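A closer look at the structure
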Amino acid sequence: MVLSGVRELAGLAPAPLCGMILADFGAHVVQMDLAPRSAVAADVQGRGKRSLALDLKQHLGAAVLRRLCRGADVLIEPFRHGVMEKLGLGPEVLLQENPRLIYARLTGFGQTGKYAKSEGHDINYLALSGVLSKLGRKDENPYALINLLADFAGGGVMCTMGIVIALYERTKSGKGQIIDAGMDLG
């Protein structure tokens, strides 16, 4: 089954990776950039995607996203807790307009819990999960990897798996759902 409507809100590495994996398997992905791209900017995770610049803080930009999500299969949202709700684009709004939508929220610490409203980076997620203490040699400081473990594996790949599972479930129920993918737990 080719997904004809994946909408990805551009963010840092994990959300674009998630969209790229879906595009690699045939999904028609539209990446919505928050600002127009530079002609010289190379987007290595833009493979197989179309791109559209939207300003979600403006009424027109928010209206365009709502219209695009009405016919979409999936929305990949990479913002911190509460950002989409402040813009009037939270899951309660978009799922009301498209009950079959898979609303994938990809954040550092998920939507609930002690750190849900906190910013974070790959090394923070690794440290809090205990994984960082396992990286390195005995009696030495841990090695800080690039963002492969938490951002890419724990974030982008796990969110992609959640989307695929939710799509399968939707074939049985006909209903969309919210995926809460926290990189600290992936």
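Residues numbered from 1 in each chain as written. Predicted model: local features only at pLDDT ≥ 70, side-chain atom pairs only at ≥ 80, totals over all residues. Heavy atoms only, no water.

**Focus: the layout of surface pockets**
Note the threshold: The definitions used throughout rest on a 1 Å grid laid over the protein atoms alone, on which a cavity is an enclosed set of points accommodating a 1.4 Å probe that cannot get out and a pocket is an open set flanked by protein within 12 Å on both sides along at least five of seven lines; lining residues are those having an atom within 4 Å of a point. Grid points are joined across faces, edges and corners, and a volume is the space filled by probe spheres set on the points. Helix and strand definitions follow DSSP, with helices as H or I runs of at least four residues and strands as E runs of at least two, each counted in order from the N terminus. Any residue outside Ala, Val, Leu, Ile, Met, Phe, Trp, Tyr, Cys, Pro, Asp, Glu, Lys and Arg is labelled polar, Gly included; the first ten of those are nonpolar and the last four are charged.
In this model, the largest pocket occupies a volume close to 420 Å³. Those elements that place two or more of their residues in the lining of the largest pocket are α1 (14–24), β5 (102–107) and α5 (122–129). Its residues assigned to classes, the lining of the largest pocket shows 11 nonpolar, seven polar and four charged.

**Observations regarding a nonpolar patch on the surface**
The condition that has to hold: Only residues above 30% relative accessible area that lack a salt bridge enter a patch, with like-charged residues linked at up to 9 Å and the nonpolar side chains Val, Leu, Ile, Met, Phe, Trp and Tyr linked at up to 5 Å. All accessible areas in this document rest on Shrake-Rupley with a 1.4 Å probe, and a residue is counted as covered only by the protein chains that are shown. Here a salt bridge means any side-chain nitrogen of Lys or Arg lying within 4 Å of a carboxyl oxygen belonging to Asp or Glu. The buried label goes to any residue with under 20% of its type's maximum accessible area, the exposed label to any with over 50%, and the partly exposed label to all in between, with areas taken from a 1.4 Å probe on protein chains only.
Taken together, the side chains of Val-157, Met-158, Met-161 and Ile-165 make up a nonpolar region of the molecular surface, amounting to roughly 360 Å² of accessible area. In this structure, Val-157 sits in helix α6 (residues 148–173). A relative accessible area of 34% places Val-157 in the partly exposed class.

**Some points on the environment of Gln-96**
Relative to the helices and strands, Gln-96 is located in helix α4 (residues 91–97). Among the residues examined, Gln-96 registers a relative accessible area of 64% and is labelled exposed. Residues Gln-96 and Arg-70 lie 26 residues apart in sequence; the distance between their C-alpha atoms is 9.4 Å.

**A few points about the sheet that holds strand β2 (residues 29–33)**
Test applied: Strands are treated as partners if at least two bridges between them are detected by DSSP. Note on definitions: angles span 0 to 180 degrees between N-to-C directions of axes, and those axes are lines fitted to C-alpha atoms, for helices only across the stretch in contact. Should any heavy atoms of two residues lie within 4.5 Å, those residues are considered in contact.
Spatially, six strands are ordered β3-β2-β1-β4-β5-β6 in an open sheet, and the strand pairing comes out parallel. Two strands close off the open sheet at either side, each with one partner strand: β3 (49–53) and β6 (177–182). Strand-to-strand twist in this sheet, taken as the mean axis angle between neighbours without regard to direction, amounts to 20°. Examined bridge by bridge, strand β1 (residues 6–9) and β2 share four bridges and lie parallel to one another. In the sheet register, Glu-8 faces β2, and the bridge partner there is Gln-31. Here α1 sits on the sheet in contact with β1, β2, β3, β4 (74–77) and β5, set at roughly 160° to β1. Across the sheet, helix α2 (residues 59–70) touches β1, β2, β3 and β4, and the angle it forms with β1 is around 150°.

**Notes on unusual backbone geometry**
A positive phi angle, near 65°, is found at Asp-139, a position not held by glycine. Tracing the sequence through the fold places Asp-139 in the loop between α5 and α6.

**A short note on the packing of aromatic side chains**
In this description, a pair of aromatic rings is defined by centroid distance and the angle of the planes. This is how it is decided: What counts as a ring pair is set by centres within 6.5 Å for rings of Phe, Tyr and Trp (its six-membered ring), and what kind of pair is set by the plane angle: stacked under 30 degrees, edge-to-face over 60, tilted for all other angles.
Summed over the entire model, instances satisfying the criterion amount to two aromatic pairs. Taking the centre distance of 5.5 Å and the plane angle of 40° together, the rings of Phe-109 and Tyr-115 count as tilted. Here Phe-109 falls in the buried class, since its relative accessible area comes to 7%. Relative accessible area serves as the criterion here: at 34%, Tyr-115 is assigned to the partly exposed category. Here the aromatic rings of Phe-109 and Tyr-125 are separated by 5.1 Å at their centres, their planes lie at 75°, and the arrangement is edge-to-face. You can see Phe-109 sitting in the loop between β5 and α5 and its partner Tyr-125 sitting in helix α5, a full 16 residues away along the chain. Of the two residues, Phe-109 and Tyr-125, both sit in the buried class. Chaining the aromatic ring pairs together yields one cluster made of Phe-109, Tyr-115 and Tyr-125.

**Thoughts on the pattern of salt bridges**
Tallying each qualifying case throughout the model produces eight salt bridges. A salt bridge links Glu-8 to Lys-49, with the shortest nitrogen-to-oxygen separation between them at 2.7 Å. Here Lys-49 lies in strand β3 and Glu-8 lies in strand β1, a separation of 41 residues in the sequence. Put simply, Arg-80 and Glu-119 hold a salt bridge, and the shortest N to O gap is 3.6 Å. Of the two residues, Arg-80 is situated in the loop between β4 and α3 (83–86) and Glu-119 in the loop between β5 and α5; the sequence distance between them amounts to 39 residues. You can call Arg-80 partly exposed: its relative accessible area is 45%. The class for Glu-119 is exposed, based on a relative accessible area of 56%. Taken together, the salt bridges that share partners define one network made up of Arg-66, Arg-70 and Glu-97.

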